[in-house]
Amino acid sequence: MTAIKENSTKRRLCSVLLMGTILGGLAVPAYAQPAPAPQAPATGLPGTGTVRSIAVSGNQRLEPETVISYMQLRVGDAYDRESVDQALRDLLETELFADVTIGGVDTGNIIIRVVENPVINRIVLEGNKRLKADKINPEIRLAPRQIFTRSKARADVARIIELYRRQGRFAAQVEPKIIQLDQNRVDVVFEISEGPKSKVRQINIIGNEAFPDSDLRGEMYTQQARLTSFFSGNTSYDPDRLAADQQKLRQFYLTQGYADFRVISAVAELTPDRRDFIITYVVEEGERYKFADVKVESEIRDFKSEDMQQLLPMKAGDWYNAKLIEDTVTSLNETAGLFGYAFADAQPDFSRDPEKKTMSVTFKIAEAPRVYVERIDINGNTNTRDKVVRREFRLVEGDPFNSVRVKRSRDRIQSLGFFQDNLEIEQTEGSAPDRVILTTNLEERSTGELQLSAGFSSLERFLINASIQQRNFMGKGQVVRASVNYSTYSKSVELGFTEPYLFDRNIALGFDVYRRDFNSFNFINNDRNTTYEQVTTGGQLRAGFPVTEYVSMAVRYGLNHDKVTLDEDLFFSDPDGAGPLPAVCDPLIAGRYLCESIGTNIVSSVGYSLEYNTLNNRLRPTRGQRALIHQDFAGLGGSIHYLRTRASAAKYWNIGRGFIFSANVEGGYVHSFDDSEGSGQDPVRLIDRFFLGEPQMRGFDIRGIGPRVLRRRYGADGALVPGKEGLISQDAIGGRAYYAGRAEIEIPLGAGIREMGLRPSVFVDIGSVFGIKDPNTTSILPSDPRTQNRCIGANGQSTPPSDAGTCPTGTTPAGGISPFQEKFVGDSPKPRLSVGFGINWNSPFGPFRIDIAKAILKEEGDDTKLFTFNVGTAF
């Protein structure tokens with residue numbers, strides 16, 4: 001009995017030490033008593049005999065029978081020192097007890113004294129800022145109302161540290177603590193010191209002779225941490241990325257002719273301060289090889305080896321390039337798929353000559369059956385109806401397999417914008433070797449768009465746009481939209497609907513109804529003054545249909561009621577009609593070009609659009625091209641007659657490393673059939689002309705480019721006042737022709753930034769609008785009598801005031817007109833040019849776009865604008 005007690009005391013003392021050691025210094029507050037840790041079974045227990053009785057003490061939650069059931073000793077069994085030790089081990093292995101002792105061995109009356117492990121009251125995380133609790137808690141095995149055990153605590157510490165290591169925080173430390181509560185309960189606290197993100201301080205490469213370190217580092221995903229790598233997410237250490245970098249090095253050397261290249265070792269060493277890593281690669285370049293004979297051997301009857309050999313991109317004497325080999329294999333398989341051989345397998349056979357350092361390659365295409373489409377499976381479309389996806393396939397069940405049509409089907413489904421990016425159509429063998437099953441696994445995305453756009457400009461002040469659109473209404477692919485725009489520049493309400501497949505035929509039908517209220521204005525002494533107001537009420541019917549796979553056509557008919565007015569209080573000579581003179585537009589105030597625009601017209605127009613489109617994605621293309629021409633003829637009834645022509649083209653290139661380059665051009669011309677001879681005014685109405693500025697030309701304001709009339713005042717000295725101080729107004733009056741172009745490069749970022757949805761780009765915009773008659777400008781010189789004060793009689797006649805400056809009885813004094821000069825500027829085809837950068841951000845509250853652009857080339861009168869942004873959301 002004495003030996004048992006002594007060993008028990010040693011176990012309690014050792015348990016406290018083990019708890020601190022295993023859990024990394026488990027701290028217990030002064031007001032809490034530590035639960036003693038279990039100890040291995042004692043050795044040297046005296047006595048053997050028969051178990052007379054078994055009693056359990058110290059148990060709180062467990063019944064004595066339950067405790068006894070965990071060991072093999074039973075009343076009546078013979079026991080010795082080994083069987084008692086085994087019973088002690090059995091109880092400790094249950095992890096239900098913090099301490100276990102066995103007494104009464106000398107008498108056979110066995111007494112089992114236990115200290116139960118505490119019950120967890122709650123789990124608390126402290127110090128975690130970079131990793132939120134919702135990311136850590138699922139990895140923790142300990143949970144409230146469970147039994148606290150050391151093994152689970154150790155595992156949880158390891159899991160939390162591993163989570164931080166996945167984020168590149170190798171200096172993270174986790175210290176578990178327990179707070180003892182009443183009723184044998186504890187709070188478990190994980191105190192976390194996250195530490196800084198471990199960066200890659202240096203990348204060393206040993207053994208490279210053909211290429212410098214800088215070139216090889218440029219081929220890797222991992223980058224060295226530098227001040228210039230702020231936007232890169234690849235400067236942190238990642239073991240998976242280390243393995244990928246070895247493969248990237250191998251791929252690079254294999255494209256340069258080094259067929260024997262290998263990475264001997266790759267070692268990542270953590271610096272003593274545990275903040276950064278130093279990565280060292282040891283490589284062996286080997287000899288450089290050239291291609292020798294390159295040929296094709298085909299067992300497929302439709303494939304002649306001689307014809308295929310002429311299409312090979314490599315020739316004898318070229319440096320060996322493994323990437324060309326892979327591309328050739330893919331090209332041969334795709335070409336075979338074009339003829340219906342879905343499972344054709346081209347395999348390269350290499351023959352190396354170490355002495356000549358050459359590599360002969362034979363592409364062997366084994367015999368394969370012509371394949372037919374057995375079934376098309378579509379999975380994952382929970383909202384979109386099956387037929388909406390199926391009608392985009394360029395093949396149906398029973399058709400001969402065609403790899404080009406499969407790829408085109410993928411692009412068409414992707415262009416719907418209903419599903420995930422990088423969608424693929426899988427090809428699996430069907431019920432027979434000559435049958436293939438096409439499977440499309442879809443992940444639906446939000447197709448509703450709720451957009452809020454806001455902006456600020458020196459001309460318009462604040463503007464806001466709100467629109468709602470559902471591009472997949474009721475899962476049928478129908479488009480329903482509504483929008484409201486409000487600003488000091490314009491107000492509008494629009495409704496639209498499009499059915500893309502009328503009666504399940506490839507004919508789109510839609511309509512739009514709208515009310516648009518556009519105000520043109522200028523500022524006089526920082527006060528906004530409306531010049532003219534255009535109110536358009538109307539609608540449009542439209543239909544579209546495909547001509548070929550890549551060419552489509554749309555026709556439309558529109559009917560508009562246009563009304564253009566001027567503010568009578570500002571621009572009419574007799575606004576209240578009190579005098580004998582009629583209330584008419586005064587060209588001295590408004591300008592003749594504005595007075596000539598007043599009126600109400602009916603515009604009845606018919607038009608068409610012809611489009612060629614090979615883009616891989618209509619919403620966010622990365623390759624392909626598009627060309628579009630529009631023509632609208634107004635004159636099918638109504639009071640206005642013209643022909644408006646517009647054309648545009650765009651092309652997208654994936655230039656590698658995630659960079660997307662795009663080029664867009666557009667232009668237009670409007671020709672009037674109305675007779676304006678003798679009037680001196682342009683035959684094309686002000687509201688039918690082209691205007692250019694934001695958003696086509698970033699760096700310029702809305703309608704900020706092209707012909708306009710500047711009105712400038714004279715000073716007291718009789719000279720024109722220069723600069724903005726002398727500018728009374730500037731009215732954009734548009735042109736009959738325009739052109740615009742844009743070149744833009746979308747810049748890839750590191751994985752961390754890319755996951756945030758940031759897509760920056762740099763761009764160059766160019767364009768101009770021009771081709772209009774010189775308007776009838778009006779000027780009042782300081783010497784003009786109309787600048788003098790006048791006296792207006794009852795009959796409307798004007799007389800000068802007396803020498804004393806007073807008016808005769810029965811007349812009303814009236815001020816003279818301030819002298820001004822109107823000047824027509826900006827009517828030039830000379831290009832306007834702007835450069836800038838922008839950022840698209842898929843933010844939590846919707847897509848966000850910021851553009852900062854600087855106008856480099858501009859003409860007199862052009863209105864520039866540096867900064868724009870807009871924001872929207874999706875549902």
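In the block above lies the structure referred to throughout.
Report follows, based on the coordinates. Just so it is clear, the model here is predicted, and its values are computed rather than measured.

1. A short note on the overall build of the protein
When helices and strands are counted, the protein shows 14 helices and 39 strands. Looking at the protein as a whole, 43% of its 875 residues are labelled buried. In the protein, the proportion of contacts linking residues at least 24 apart, taken out of those at least 6 apart, comes to 62%. Accessible surface for the protein amounts to roughly 44700 Å². Of this, 53% is attributable to carbon and sulfur atoms.

2. Focus: helix H9 (residues 322–338)
Every α-helix carries 3.6 residues per turn, so stepping three or four residues along brings you back to the same face. Taking 1.5 Å per residue, 17 residues should reach 24 Å; H9 reaches 24 Å between its end C-alpha atoms and fits that length. Of all the positions in H9, only Ala322, Ile325, Thr328, Val329, Leu332, Ala336 and Gly337 are classed as buried. Where H9 is buried, its residues contact helix H7 (239–255), strand E12 (290–298), helix H8 (305–310), strand E13 (346–353), strand E14 (358–365) and helix H11 (403–415). Following H9 by one or two positions, Gly340 adopts a phi angle in the positive range, close to 100 degrees.

3. Points about the sheet that holds strand E9 (residues 199–206)
Overall, mixed pairing links the three strands, which are arranged E9-E11-E10 in an open sheet. Two strands lie at the open edges of the sheet, namely E9 and strand E10 (262–270), each paired on one side alone. On average, adjacent strands in this sheet sit at an angle of 15 degrees to one another, irrespective of strand direction. Sheet analysis places E9 next to strand E11 (residues 276–284), joined by seven bridges and oriented parallel. The partner of Ile205 across the bridge, within E11, is Tyr281.

4. Focus on the sheet that holds strand E8 (residues 185–193)
Judged by pairing direction, the sheet is mixed, and its three strands sit side by side in the order E6-E8-E7 without closing on themselves. The open sheet has two edge strands with one neighbour each: strand E6 (119–126) and strand E7 (173–181). Adjacent strand axes in the sheet meet at a mean angle of 20 degrees, parallel and antiparallel pairs treated alike. Note: E6 against E8, seven bridges, orientation parallel.

5. What about the packing of H9 against H11?
Two elements in contact, H9 and H11, have axes whose closest approach is 6 Å; the angle formed by their N-to-C orientations is 95 degrees. In terms of orientation, H9 lies roughly perpendicular with respect to H11. Contact residues: H9 offers Glu334, Gly337 and Leu338, while H11 offers Ser403, Val404 and Lys407. The residue makeup of the contact of H9 with H11, split by class, is two nonpolar, two polar and two charged.

6. Structural notes on the side chain of Thr222
On the secondary structure map, Thr222 appears in the loop between helix H6 (213–219) and H7. Side chain to side chain, Thr222 and Asp245 meet in a polar contact 2.6 Å long. If we ignore the near neighbours within four places in the chain, the residues touching Thr222 are Val200, Ile203, Arg217, Asn234, Arg241, Asp245 and Ile279.

7. Thoughts on the pattern of salt bridges
Applying the stated criterion across every chain yields a total of 42 salt bridges. Across the pair Asp182 and Arg185 runs a salt bridge whose closest N-O atoms are separated by 2.6 Å. Its relative accessible area of 25% is what places Arg185 among the partly exposed residues. As a salt-bridge pair, Arg736 and Asp682 come within 3.4 Å of each other at their nearest N and O atoms.

8. Re the pairing of E14
Within E14, six of the eight residues are buried, leaving the element largely enclosed by the surrounding structure. When E12 meets E14, the two strands line up parallel, connected through seven bridges. Its bridge partner lying in E14, Phe291 is registered against Met359. As paired strands, E13 and E14 are joined by eight bridges and run antiparallel to one another. Paired with Pro348 across the two strands is Phe363, which belongs to E14.

9. Examining the nonpolar core
Residues Phe291, Met314, Tyr320, Ile325, Phe363 and Ile365 are the most contacted members of the largest nonpolar core, which totals 24 residues. For this core, the secondary-structure elements that each account for two or more residues are E12, H9 and E14. Considering every element that reaches this core, the biggest residue donor is H9, with five residues. Counting residues in hydrophobic clusters, the runner-up holds 22 residues, among them Val51, Leu62, Leu88 and Val114.

The rules we used
- Residues numbered from 1 in each chain as written.
- Predicted model: local features only at pLDDT ≥ 70, side-chain atom pairs only at ≥ 80, totals over all residues.
- Heavy atoms only, no water.
- Helix = DSSP H or I, 4+ residues; strand = E, 2+ residues; numbered from the N terminus.
- Buried < 20%, exposed > 50% of the residue type's maximum accessible area, 1.4 Å probe, protein only.
- Contact = heavy atoms within 4.5 Å.
- Areas by Shrake-Rupley, 256 points an atom, 1.4 Å probe, with all protein chains shown as cover.
- Expected span 1.5 Å × (residues − 1).
- Pairing = 2+ DSSP bridges.
- Axes fitted to C-alpha atoms, helices over the stretch in contact; angles between N-to-C directions.
- Parallel < 35°, antiparallel > 145°, perpendicular 65-115°, else oblique.
- Nonpolar A, V, L, I, M, F, W, Y, C, P; charged D, E, K, R; others polar.
- Polar contact = N/O pair within 3.5 Å; in protein donor to acceptor, adjacent residues only side chain to side chain.
- Salt bridge = Lys/Arg side-chain N within 4 Å of Asp/Glu carboxyl O.
- Core = buried A, V, L, I, M, F, W, Y, C linked by side-chain atoms within 4.5 Å.

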